Amino acid sequence: MKILFAAAMLAATPALAQTAPAPAPAPASPAVAAAKFGLDTPIETLMADPKAKAVLAADFGTDLTANPAYDQFKGMSLNQVQPYAPDKMPATLMTKIATDLAAIK
């Protein structure tokens, strides 16, 4: 009987012992917080912003919404799409796009 009572008390103790809220996550670095768009932003979000859409059109040389597969990849980020098209999205282009997107205010 004592064992059952002790087990019940131990099971209830964590719920009763919570007195302080969990600590808030650390704030992002100023450089990350300042960037409006990046390579991890969903493509459809980028295409909804005229400045970001212009960056992608200039860097890719085409309007991504005209791609027949746009509906299949629009929910993905450029970083997620890149492994499927490494010849169209080499590291140098990805770096340029990241820089150009970060410059958008």
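Quick look at the structure, then. None of these values were measured; they are calculated from a predicted model. (Residues numbered from 1 in each chain as written. Predicted model: local features only at pLDDT ≥ 70, side-chain atom pairs only at ≥ 80, totals over all residues. Heavy atoms only, no water.)

Looking only at helices and strands, the protein features 7 helices and 0 strands. Listing every helix and strand of the protein by position from the N terminus yields α-α-α-α-α-α-α. Here the protein holds 105 residues, and the buried ones make up 24% of them. Sequence-distant contacts in the protein: of pairs separated by 6 or more residues, those separated by 24 or more amount to 58%. For the protein, the accessible area works out to roughly 7500 Å², and carbon and sulfur atoms hold 66% of it. (Helix = DSSP H or I, 4+ residues; strand = E, 2+ residues; numbered from the N terminus. Buried < 20%, exposed > 50% of the residue type's maximum accessible area, 1.4 Å probe, protein only. Contact = heavy atoms within 4.5 Å. Areas by Shrake-Rupley, 256 points an atom, 1.4 Å probe, with all protein chains shown as cover.)

For helix α7 (residues 91-102), with 12 residues, the first-to-last C-alpha span of 16 Å sits near the 16 Å given by 1.5 Å per residue. Those residues of α7 that fall on the buried side of the exposure criterion are Leu 93, Met 94, Ile 97 and Leu 101. Buried residues of α7 fall within an arc of 100° about the axis and therefore sit on the same side. Residues of α7 that are exposed and angled more than 90 degrees away from the buried face: Ala 91, Thr 92 and Thr 95. As for α7, its buried residues are in contact with α3 (43-48), α4 (50-60) and α6 (78-81). (Expected span 1.5 Å × (residues − 1). Arc of directions from axis to C-beta.)

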